[in-house]
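What follows is the residue order along each chain.
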Amino acid sequence: MPKLLKAAGVLITAILFLSSCATPPVKPPVLQSSYVYSQIPQAVIRQDTFHVVAPGETLWRISKMYDVNIRDIMGANNLKESSKLKMGQKIIIPNASQVKRVVVPLYNANRWKYIIVHHSATDTGDALTLFKMHLRRGFGQGLGYQFTIANGTCGKDDGQIEISPRWLKQQEGAHCKAGGMNQKGIGICLVGNFSRENVSPKQMDSLVYLVNMLRKHYNIPVENILGHGRVPGAHTECPGKKFPWNEFYRRLGAG
């Protein structure tokens, strides 16, 4: 009997030792981010307004954009806690600030080495219309850029920055195959055709603001900020012959 107890004790000890050396389960990585907000001036005009839900937008993001409490938006639209917004859905924003605030998440990632500037080559558009256009072109995940900058059409303000689901999910883009830029380049598309017209002052302000924010966070050198057509191997004049490169680079350096 003592021998049996001794053997059992050795077995238990061995089990405890092996279990203590076992590798604990590894949790999947979580995207860590910080948020950058542009500030809303104290004195702003407020009124009820309608908002069309863009790709990737949530109640939280919309509430920050218009500086309105989520509960107020839910109440005005009879939404419940479990309600999910649908892309293209039209909702009312009560007592909304008419100065829209930019909410840009900045992630802890080291894949982003370039910023690639595009134009939509269309007269009108926004993130939603470009999302649908890219779906028709066979882009399985829709909008190929990480960011778009509106030109005042389709209900968006001139210079309004919209954030693509690709950026929110930190997915590769579908905007520039040349040089592997889809995997390492942040795609920013300005709505407009800049082979025929000029970039609006508000679009340029937003582009400089966004690019400086991104390049400083990800340590992207200015020489890695390119137009689509300036990427070696890309055969396109995007973002257009009239894009003001000298002004753009000058303002980046001053930012």
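What counts, and where the lines are drawn
Residues numbered from 1 in each chain as written. Predicted model: local features only at pLDDT ≥ 70, side-chain atom pairs only at ≥ 80, totals over all residues. Heavy atoms only, no water. Helix = DSSP H or I, 4+ residues; strand = E, 2+ residues; numbered from the N terminus. Polar contact = N/O pair within 3.5 Å; in protein donor to acceptor, adjacent residues only side chain to side chain. Contact = heavy atoms within 4.5 Å. Salt bridge = Lys/Arg side-chain N within 4 Å of Asp/Glu carboxyl O. Buried < 20%, exposed > 50% of the residue type's maximum accessible area, 1.4 Å probe, protein only. Pairing = 2+ DSSP bridges. Axes fitted to C-alpha atoms, helices over the stretch in contact; angles between N-to-C directions. Phe/Tyr/Trp six-rings, centres within 6.5 Å; stacked < 30°, edge-to-face > 60°. Disulfide = S-S within 2.5 Å.

Next up on the list: the side chain of Thr122. Mapped onto the secondary structure, Thr122 falls in the loop between strand 5 (114-119) and helix 4 (127-136). At a separation of 2.7 Å, a polar atom in the side chain of Thr122 contacts the side chain of Ser120. For Thr122, the residues in contact, after removing those within four places along its chain, are Met133, Val191, Gly192 and Asn193.

The next subject is the pattern of salt bridges. Within this structure, the stated rule accounts for nine salt bridges. Asp123 is the partner of Arg196 in a salt bridge, and the nearest nitrogen-oxygen pair spans 2.6 Å. One end of the pair, Arg196, is in the loop between strand 8 (185-190) and helix 7 (201-217); the other, Asp123, is in the loop between strand 5 and helix 4, and 73 residues separate them in sequence. On the basis of relative accessible area, Asp123 is assigned to the partly exposed category, the value being 45%. The partner of Lys241 in a salt bridge is Glu237, with the nearest N and O atoms 3.9 Å apart. With relative accessibility at 41%, the residue Glu237 sits in the partly exposed group.

Okay, unusual backbone geometry next. Note on backbone geometry: most residues besides glycine have negative phi, and most peptide bonds are trans. The omega angle of the peptide bond from Cys238 to Pro239 is 10°, so this bond is cis rather than trans. Tracing the chain through its elements places Pro239 in the loop between strand 9 (225-227) and helix 8 (245-254). Of note in the backbone geometry, Gln170 takes a positive phi value of approximately 55° without being a glycine. Among the residues examined, Gln170 registers a relative accessible area of 9% and is labelled buried.

What follows concerns the sheet that holds strand 5. In sheet architecture, strand pairing relies on hydrogen bonds along the backbone and comes in two forms, parallel and antiparallel. Pairing in this open sheet of five strands is mixed, and the strands run 7-6-8-5-9 from one edge to the other. Whereas interior strands pair on both sides, the edge strands pair on one side only; in this sheet they are strand 7 (158-163) and strand 9. In this sheet, adjacent strand axes meet at a mean angle of 20° when their direction is disregarded.

Here the focus is the packing of aromatic side chains. As enumerated under the stated definition, the model contains nine aromatic pairs in all. Arranged with centres 5.2 Å apart and planes meeting at 45°, the rings of Phe147 and Trp167 form a pair that is tilted. Residue Phe147 is located in strand 6 (residues 147-151), and its partner Trp167 is located in helix 5 (residues 165-168); the two are separated by 20 residues in the primary sequence. For Phe147, a relative accessible area of 0% puts it in the buried group. Among the residues examined, Trp167 registers a relative accessible area of 0% and is labelled buried.

A separate point is the state of the cysteines. Per the counting criterion, the structure on display carries zero disulfides. For the unlinked cysteine Cys176, the closest cysteine sulfur is that of Cys238, found at 8.7 Å. The class for Cys176 is buried, based on a relative accessible area of 2%.

Attention now goes to the pairing of strand 6. Of all five residues making up strand 6, five are buried, and the element is well covered by its neighbours. With four bridges joining them, strand 6 and strand 7 adopt antiparallel strand pairing. What sits directly across from Asn151, in strand 7, is Asp158. If you look at the hairpin formed by strand 6 and strand 7, you'll find six residues sitting between the two strands, and Gly152 has a positive phi there, around 90°. Bridge count for strand 6 against strand 8 is three bridges, and the pairing is parallel. Pairing of Ile149 across the sheet is with Leu190, part of strand 8.

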